[in-house]
Amino acid sequence: RTVLVIADRFYPEKDMNYIDAWKALFERKKILFDYTLDLEKEYEGSVLLTAGGCHMCESCARKDGLPCRNPELIRYSVESLGGDVGKVVKNLFDIE
């Protein structure tokens, strides 16, 4: 088995307010998610695990008790499977 870890750092601009920083992070996660979906297609049998929760939609239908709008894009987070993302990042990249 092979594990490919793709990490990215996000630094909001110093004068960026919370809402704009969140939107910028959301866009960055989407770009990374799309890239890793392409890798998932390229490597048969591979499974993408994300860090943190799903951020595919601006407002989640599941929070309102409705079905997911994009069930084909559902991927589990590392944390939801018991993984310690902070520990992995520290061990692999020496980042705290």
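In case you missed it, the structure is sitting above this.
Think of each chain on its own: its residues are numbered from 1, step by step along the sequence as written. Whole-chain, interface and lining totals are the exception, using all residues; otherwise, since this is a predicted model, local features are given only for residues with pLDDT of at least 70 and side-chain atom pairs are given and counted only at 80 or more. No hydrogens and no water enter the side-chain calculation; it runs on all heavy atoms of the structure.

> What is the right way to read the overall build of the protein chain from this model?
Helix and strand assignments come from DSSP, with helices taken as H or I runs of at least 4 residues and strands as E runs of at least 2, each series counted from the N terminus. On a plain count of helices and strands, the protein chain comes out with two helices and zero strands. With the principal axes as the frame, the protein chain shows a C-alpha extent of 40 × 40 × 25 Å. Burial classes: relative accessible area under 20% of the type maximum marks a residue as buried, over 50% as exposed, and values in between as partly exposed (1.4 Å probe, protein chains only). Residues counted as buried form 12% of the 96 residues belonging to the protein chain. Sequence separation of 24 or more characterises 55% of the internal contacts of the protein chain that already satisfy a separation of 6 or more. Each accessible area is a Shrake-Rupley estimate made with a 1.4 Å probe; only the visible protein chains count as cover when residues are assessed. Total accessible area computed for the protein chain in this model is approximately 8,200 Å², and 55% of it derives from carbon and sulfur atoms. Two residues form a contact once any of their heavy atoms are found within 4.5 Å.

> In this structure, what is going on with the pattern of salt bridges? I would like to understand it.
Think of it this way: side chains of opposite charge can pair up when their charged atoms draw near. Within this document, salt bridges are pairs made up of a side-chain nitrogen of Lys or Arg and a carboxyl oxygen of Asp or Glu, the two lying within 4 Å of each other. The full count for this structure, using the stated rule, is three salt bridges. For D34, the salt bridge goes to K30, with nearest N and O atoms at 3.9 Å. Of this pair, D34 and K30 both sit in helix α1 (residues 18–42), four residues apart, roughly one helical turn. In this structure, K90 and D94 form a salt bridge, with 3.5 Å as the shortest nitrogen-oxygen distance. Given a relative accessible area of 33%, K90 falls into the partly exposed group. Classification of D94 by relative accessible area gives exposed; the value is 61%.

> Help me understand the environment of E79 in this model?
With respect to the helices and strands, E79 occurs in the loop between α1 and α2 (85–93). When residues no more than four places from it in sequence are discounted, the contact partners of E79 are T50, A51, G52 and V85.

> Would you mind showing me how to read the layout of surface pockets here?
If a probe as big as a water molecule is rolled over the atoms, it shows which places are left empty. Here a cavity is any set of points on a 1 Å grid over the protein atoms alone where a 1.4 Å probe fits but cannot get out, and a pocket is any open set with protein on both sides within 12 Å along at least 5 of 7 lines; a residue lines the site when it has an atom within 4 Å of a point. Grid points are joined across faces, edges and corners, and a volume is the space filled by probe spheres set on the points. Here the largest pocket is characterised by a volume of approximately 1,600 Å³. Considering the residues around the largest pocket, the lining is formed by 43 residues, among which L4, I6, L48, L49 and T50 are closest to the centre. Of all the elements in the fold, those that place two or more residues in the lining of the largest pocket are α1 and α2. At 11 residues, α1 tops the list of elements feeding residues into the lining of the largest pocket. Residue classes in the lining of the largest pocket are distributed as 26 nonpolar, eight polar and nine charged. In this structure, the second largest pocket occupies an estimated 630 Å³ of space. Lining the second largest pocket are 24 residues, with C54, H55, M56, C57 and C60 sitting closest to its centre. Its residues assigned to classes, the lining of the second largest pocket comprises 11 nonpolar, six polar and seven charged. We call Asp, Glu, Lys and Arg charged. Ala, Val, Leu, Ile, Met, Phe, Trp, Tyr, Cys and Pro are nonpolar, and the rest, Gly among them, are polar.

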